[in-house]
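A structural walkthrough
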Amino acid sequence: MTTISRDELVREIEERKRAQAALQRSHEMLQVAEENAHLGSWEMDIPTGDSTWSNEFYRICGLEPGSVEPTAELGFQIIHPDDRESANEAVQESIKNREPYSIEKRIVRPDGEVRYVRSRGEISFDDAGNPKTLRGSFMDITEQVLAHMKLEAISTELMRSNEELEQFAYVASHDLQEPLRMITSYLQILQRQYKGQLDEEADEFIHYAVDGAVRMKRLINDLLVYSRVGTRGEPFASTDLEQCLKDSLHDLHFIIEESKATITHDPLPTIVADSGQLTQIFQNLISNAIKFRGEGLSCIHVGAVENANEWQIYVRDNGIGIAPQFFDRAFVIFERLHTDIETSGTGIGLAMCKKIIVRHGGSMWVESEPGEGATFYFTISKVCGDNYDGD
Amino acid sequence: MEIRPVEILLVEDNPGDVRLTQLALKENKIANNLHVAPDGVEALRFLLHEDEHADTPTPDVILLDLNMPRKDGREVLAEIKANNMLKRIPVVILTTSSAEEDILKSYDLHANCYITKPADFDQFIEVVQTIEGFWFSIVKLPSK
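These figures come from a predicted structure and were not determined experimentally.

As for the overall build of chain A
Helix and strand counts for chain A come out as 10 helices and 12 strands. Relative to its full complement of 391 residues, chain A shows a buried share of 25%. Long-range pairs, those at least 24 residues apart, make up 62% of the contacts in chain A between residues at least 6 apart in sequence.

Right, here's the structure in full:
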């Protein structure tokens, strides 16, 4: 027989106390963790239905911890009537396939409040292979579900609003064209019919009137195109930006030759985007650069900078530049900053570019000094999502 | 060789546009009689020789606007092309709309062609002359 010395006994008692304290602390930490995560846990003996519920489990179910005896029956009652069948099926599948399950379901608290929970469970089997214990966790995800529903509602509303706006723009532009035609046509008839009978001044007046009508027609058209950026855009696909640039230069070859502009570029990446719209952006930015070149020859450079999550593309020119106080206004529809320069634009170009970039989830801005040229930047995310829930 | 004037039915609700078409047709070498119906209902009464139209000639070509009150151009087009007596008459859709859906719908309903009215009067004259030149000089029309 071995005897334990008094010292050894004391040591053993101390150790046991420490172990108990550690266990107690561990238990408390788990409680706190469960509470913070709104995560309850439970255990059920399958043959008898005897269950254990953690404190947080009680709380999620709207009960005081320990206030009721946990049973399988009660656990089932707590589930929302419409979700009971699917919940049961999940457990049965899990037993049959010997795989853990994870489902979302609703529970109803004693006060009638409905909560959304994510329930995960795992079955363990006895030596004979019969299902013995069901252990699981139970997470209150009500806030997330409600937030998601709200987001979807907003998204649907936005889609509807966009469609309504496009309808409006279409109807407005269509209805506006007709009276415009009357104005233009009859002024021209006046010109013809009374040729020689009208003096030079009358001809001049008519000319301005007709010119106004022609410009208005172009404006209406541009407005229509602008309003359709989101809803008539192509779905995003792999897009070679160098090809977009080449296409835009091809479209602009006449003014490029005429102005003897020089255009250079860095290697440009392939991204996920609407290639037609990106080509429009290059076309807009480059034709602007040439238009606002000032006295000298236009030198334009298109570059690309790679960042962690996005590509930053820029178009730099050596033209007349823009004063910093006008940077924001440059992107506002119809705002024209240089009214003294003879341009055929309607002032919609940059606003449309910005709208396109926003549709691609990026941003657009300008850096410039008067007389020092301008650099227009835009970013495109490397993983692109369509911001408009349109086509 | 046609020795009689060409009979044209213009279905158009806008008096300004009717006048424009008249002026454009006046510039033409081909002799023509322009009949005007201000909407779809009147157009069909004219074509079916109802009441006061009992003795009016059947047109050689129909210039048809799309958006009109009472009965719009699409309905008129459908009825014309469904009528054995009328379906042979070429129908030229002449409208302000350049919308894809209007173009498709018109061709679906068997319009012979679709023209968007130009904003410019000089262009409009050209269009009207081209219509006449095409349908009455180049094209063979069915005999009445």
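Observations concerning the nonpolar core
Counting residues in hydrophobic clusters, the biggest one holds 32 residues, and the most contacted among them are A:Phe282, A:Leu285, A:Ile286, A:Val315 and A:Cys353. Contributions of two or more residues to this core are made by helix 7 (241-251), strand 8 (270-273), helix 9 (275-291), strand 9 (299-306), strand 10 (310-317), helix 10 (349-359), strand 11 (364-368) and strand 12 (374-381) of chain A. In this structure A:Val315 touches A:Leu285, A:Ile286, A:Ala289, A:Ile300, A:Val302 and A:Phe376, once residues within four positions along its chain are discounted. Core analysis: the next-biggest nonpolar cluster, separate from the first, contains 31 residues, B:Ile8, B:Ile80, B:Ile89 and B:Phe121 among them.

Topic: the sheet that holds strand 4 (residues 114-125) of chain A
Residue and element names in this part refer to chain A. Across the sheet, which stays open at both edges, the five strands sit in the order 2-1-5-4-3 with antiparallel pairing between neighbours. Looking at the sheet topology across the chains shown, the edges are occupied by strand 2 (51-53) and strand 3 (101-108). Neighbour to neighbour, the strand axes of the sheet diverge by 25° on average, direction disregarded. Pairing analysis gives seven bridges linking strand 1 (residues 39-45) to strand 5 (residues 131-140), with the strands arranged antiparallel. Counterpart to serine 41 in the pairing with strand 5 is serine 137.

Things to note about the confidence of the model for chain B
Mean pLDDT over chain B: 89, with 97% of residues reaching 70 or higher. For this predicted complex, the interface confidence reaches an ipTM of 0.76, while the overall pTM sits at 0.54.

Re helix 7 of chain A
Taken together, the buried positions of helix 7 of chain A are occupied by A:Leu241, A:Cys244, A:Leu245 and A:Ser248. Down the axis of helix 7 of chain A, the buried side of the element spans an arc of 100°, and every buried residue falls inside it.

Let's talk about the sheet that holds strand 9 of chain A
Residues and elements named next belong to chain A. Here we have five strands laid out as an open sheet, ordered 7-9-10-12-11, and mixed in their pairing. For this open sheet the edge positions go to strand 7 (262-265) and strand 11, each flanked by a neighbour on one side alone. Here the average twist between neighbouring strands, direction ignored, is 15°. Lying over the sheet, helix 9 contacts strand 7, strand 9, strand 10 and strand 12, oriented at roughly 25° with respect to strand 10.

A short note on the confidence of the model for chain A
Residues and elements named next belong to chain A. When pLDDT is averaged along chain A, the result is 86, and 93% of the positions lie at 70 or above. Looking at the elements of chain A, mean pLDDT is at its lowest for helix 6 (residues 200-227), recorded as 81, and at its highest for strand 9, recorded as 95. Below a pLDDT of 50 lies the segment residues 385-391, which in the model reaches 21 contacts outside its immediate sequence neighbourhood of four places, other chains included.

Structural notes on the pairing of strand 10 of chain A
Residues and elements named next belong to chain A. Bridging between strand 9 and strand 10 involves seven bridges; their strand directions are antiparallel. Paired with glycine 303 across the bridge in strand 10 is tyrosine 314. The turn linking strand 9 back onto strand 10 is made up of three residues. Looking at chain direction, strand 10 and strand 12 are connected through seven bridges and run antiparallel. Residue pairing in the sheet places valine 315 in a bridge with phenylalanine 376 of strand 12.

So, how was this worked out
- Residues numbered from 1 in each chain as written.
- Chains lettered and ligands numbered in written order.
- Predicted model: local features only at pLDDT ≥ 70, side-chain atom pairs only at ≥ 80, totals over all residues.
- Helix = DSSP H or I, 4+ residues; strand = E, 2+ residues; numbered from the N terminus.
- Buried ≥ 20, exposed ≤ 12 C-beta atoms within 10 Å, placed from the backbone.
- Contact = placed C-beta atoms within 7 Å.
- Core = buried A, V, L, I, M, F, W, Y, C linked by C-beta atoms within 7 Å.
- Pairing = 2+ DSSP bridges.
- Axes fitted to C-alpha atoms, helices over the stretch in contact; angles between N-to-C directions.
- pLDDT = per-residue confidence, 0-100.
- Arc of directions from axis to C-beta.

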